Structure formats: C-alpha cells, structure tokens
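An overview of the molecular structure
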Amino acid sequence: MNRTYTARIRRVALTAAAGVALAVTVTACGKDGGSGSASAGDAAASAKATAESSSGASQEGSGSGKKAGSSSNGDTSAKDGSSSSGSKPGPSGDKKGYGQSCGANDLKFSARSETQAGGYILLSARAKPGITCTIPSGLLSVSFGSKGIEAHPAEQAVGPAITLSGSKTAYAGVNPKTTNNNDGVEFTFLIAAIGASDPNPASVSTGSVTVDRPIVTNWHTTPADAVPGDGTDN
C-alpha cells in the first residue's frame with residue numbers, strides 16, 4: 001500500500017471517528033439545558049482537536065488476541081451485523097455525462113452481514129442520482145482502520161467492467177477474518193475505494209466485526225457471485 005493511499009485512509013478513518021465523538025458530546029451538553037448552540041460549537045471544536053491529535057487508529061478496539069470489545073465509535077449494532085448500514089463518502093462526484101469511470105464519491109455504498117460460507121459482509125454500490133459511471137476492470141480496494149489493514153483478493157482473476165446507473169447495483173463480498181484462531185482487531189466500518197489511486201475513499205458502516213487477514217471478491221452484478229469463501233488459511 002503506497003503512502004498516498006494510506007494517508008487517504010487515515011483521513012477518512014479520523015473523519016468518521018470525529019463525527020461520532022461530536023454527536024456524543026453534543027448530546028451530553030444538551031442535557032444541561034440553556035446552552036444548546038454554544039455547547040454544540042464547543043463540542044465541534046473539541047472533537048476536531050481530538051481527531052487531529054490522535055496518533056493511532058481511533059477505530060481500533062481490541063488488539064491481537066482479543067476477539068471482541070466495544071468499538072470506540074460507539075456503534076451499537078449486534079455482532080452479526082444483521083441490519084444494513086449506509087456509507088460516509090467524500091463530497092458527491094460532480095462529473096457530468098456518460099462513460100466516466102466511477103470514483104467512490106460517485107457511489108452510494110451499503111453493507112450487511114450474511115451467514116453463508118461461514119459469514120461475510122456483502123458490500124453493495126449504486127451510482128448516485130444523475131450519475132452514470134463505470135467501475136473499471138480491476139481489484140476492489142477494501143481496508144479496515146486508519147492503519148490500513150488491507151483485504152487481499154479472494155479471486156485469482158480481475159472482474160469485468162460494470163456500468164452503474166439508476167437502480168443497477170454492484171456487489172462485492174468481504175470476509176473480515178480468514179484465520180482459525182482468537183486473534184483479530186474489532187472494527188465497525190470499512191473503507192472502500194475504486195482502486196488504490198481513488199482520491200476519495202468512502203467509510204462504510206458494517207456493524208461490529210473482528211478482522212484478521214481479510215479478503216474481498218471482485219465486483220459482481222449478482223449477490224450470489226460475491227461470496228468470498230473462507231480464505232486460504234488452514
């Protein structure tokens with residue numbers, strides 16, 4: 001993973017964490033009464049300073065050897081992540097016309113937990129309203145946390161290009177843990193990018209998952225083709 005892509009991942013992870021910290025602080029201040037807007041402003045400044053001064057991955061909960069622990073972003077999703085969650089992408093893509101290549105900011109992402117093949121995350125992507133774009137042939141970039149625990153390819157060959165518009169959806173499967181042990185780090189979101197050169201990776205909420213040697217499929221046009229399997233670790 002190159003330094004530019006790692007820097008983008010860190011920026012997206014810290015932004016997601018700062019947003020959660022701000023929401024929690026504003027809620028707490030509101031209970032005191034009489035200082036609503038001023039407290040919210042102080043909370044925003046405090047959250048920003050906290051995010052900028054953080055030297056580690058704010059989303060990295062339990063370390064190696066701990067299978068589950070509460071995540072620092074306060075996500076209350078169940079361990080099985082059964083509910084679908086939305087994404088937190090960068091600014092909306094402002095490209096016009098047809099035939100353009102998709103960037104993560106041209107797409108709306110969602111993720112849900114599936115139980116097939118030992119359990120995995122089904123990642124879905126649609127073009128935002130008014131955009132028609134093509135996901136180029138190539139490997140999807142998925143990582144966890146600001147330090148970039150990168151998912152490795154689950155398939156030997158790259159998939160075909162997929163054009164998205166309207167309700168057409170592309171699917172990819174992510175197995176966050178392919179090892180047969182109790183090691184892993186807990187996260188509540190992943191970072192998706194259309195290739196390592198994507199300038200605007202998107203943060204996608206997943207619910208609580210334990211991550212250790214993750215893998216990811218190519219993009220597919222049907223969910224049934226996006227099952228990643230259990231990896232190669234025996």
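The model shown is predicted, which means the values in this text are computed figures rather than measured ones.

Basis of the calculations
Residues numbered from 1 in each chain as written. Predicted model: local features only at pLDDT ≥ 70, side-chain atom pairs only at ≥ 80, totals over all residues. Heavy atoms only, no water. Pairing = 2+ DSSP bridges. Helix = DSSP H or I, 4+ residues; strand = E, 2+ residues; numbered from the N terminus. Buried < 20%, exposed > 50% of the residue type's maximum accessible area, 1.4 Å probe, protein only. 1 Å grid on protein atoms, 1.4 Å probe; cavity = no way out; pocket = protein on both sides within 12 Å on 5 of 7 lines; lining within 4 Å. Points joined across faces, edges and corners; volume = space filled by probe spheres on them. Nonpolar A, V, L, I, M, F, W, Y, C, P; charged D, E, K, R; others polar. Phe/Tyr/Trp six-rings, centres within 6.5 Å; stacked < 30°, edge-to-face > 60°. Disulfide = S-S within 2.5 Å.

Overview of the sheet that holds strand β2 (residues 100-101)
If you walk across this open sheet you meet the 3 strands as β2-β5-β9, and the pairing is mixed. Both outer strands of the open sheet, β2 and β9 (162-164), are each paired with one neighbouring strand and no more. The sheet contact formed by β2 and strand β5 (residues 133-135) spans 2 bridges and is parallel. Its bridge partner lying in β5, Ser-101 is registered against Thr-134.

Overview of the pairing of strand β10 (residues 169-175)
Burial analysis of β10 places 7 of its 7 residues in the buried class, which makes it a mostly covered element. Residues of β10 alternate between two faces, with Thr-169, Tyr-171, Gly-173 and Asn-175 on one and Ala-170, Ala-172 and Val-174 on the opposite face, all of them buried. The pairing of strand β4 (residues 120-127) with β10 spans 6 bridges and is classified as antiparallel. Across the sheet, Ser-124 pairs through a bridge with Tyr-171, a residue of β10. Summarising the sheet, β10 and strand β13 (residues 215-216) pair through 2 bridges and their orientation is antiparallel. By the bridge assignment for β13, Val-174 is matched with Val-216.

Here's the deal with the environment of Asp-225
Tracing the chain through its elements places Asp-225 in the segment after β13. You can call Asp-225 partly exposed: its relative accessible area is 47%. Placed 53 residues apart in sequence, Asp-225 and Ala-172 show a C-alpha to C-alpha distance of 8.3 Å.

Remarks on empty space enclosed by the protein
Counted by the stated rule, this structure contains 1 cavity of 30 Å³ or more. The space that makes up the largest cavity amounts to roughly 30 Å³. Contributing to the lining of the largest cavity are Ile-135, Pro-136, Ser-137, Gly-138, Gly-159, Pro-160, Asn-218 and Trp-219. Its residues placed into classes, the lining of the largest cavity shows 4 nonpolar, 4 polar and no charged.

Observations regarding the packing of aromatic side chains
Summed over the entire model, instances satisfying the criterion amount to 2 aromatic pairs. A ring pair is formed by Phe-144 and Phe-187, whose centres lie 6.0 Å apart and whose planes are at 40°; its orientation type is tilted. Here Phe-144 is found in strand β6 (residues 141-144), whereas its partner Phe-187 is found in strand β11 (residues 185-193), with 43 residues between them in sequence. Phe-187 matches Phe-144 in its accessibility class, with the two residues each being buried.

Remarks on the pairing of strand β3 (residues 107-114)
Looking along a regular strand, one sees the side chains alternate between the two faces of the sheet. Pairing between β3 and β4: 8 bridges, direction antiparallel. Its bridge partner being in β4, Lys-108 is matched across the sheet by Arg-126.

Digging into the state of the cysteines
Scanning the entire structure with this criterion turns up 1 disulfide. Each sulfur in the disulfide pair Cys-102 and Cys-133 lies 2.1 Å from the other. Negative torsions about the S-S bond denote left-handed disulfides, and the value of about 90° found for Cys-102 with Cys-133 makes this one right-handed. Of this pair, Cys-102 sits in the loop between β2 and β3 while Cys-133 sits in strand β5, and the two are 31 residues apart along the sequence. Its relative accessible area of 7% is what places Cys-102 among the buried residues.

Everything listed here is a matter of geometry and, on its own, says nothing about what the molecule does.
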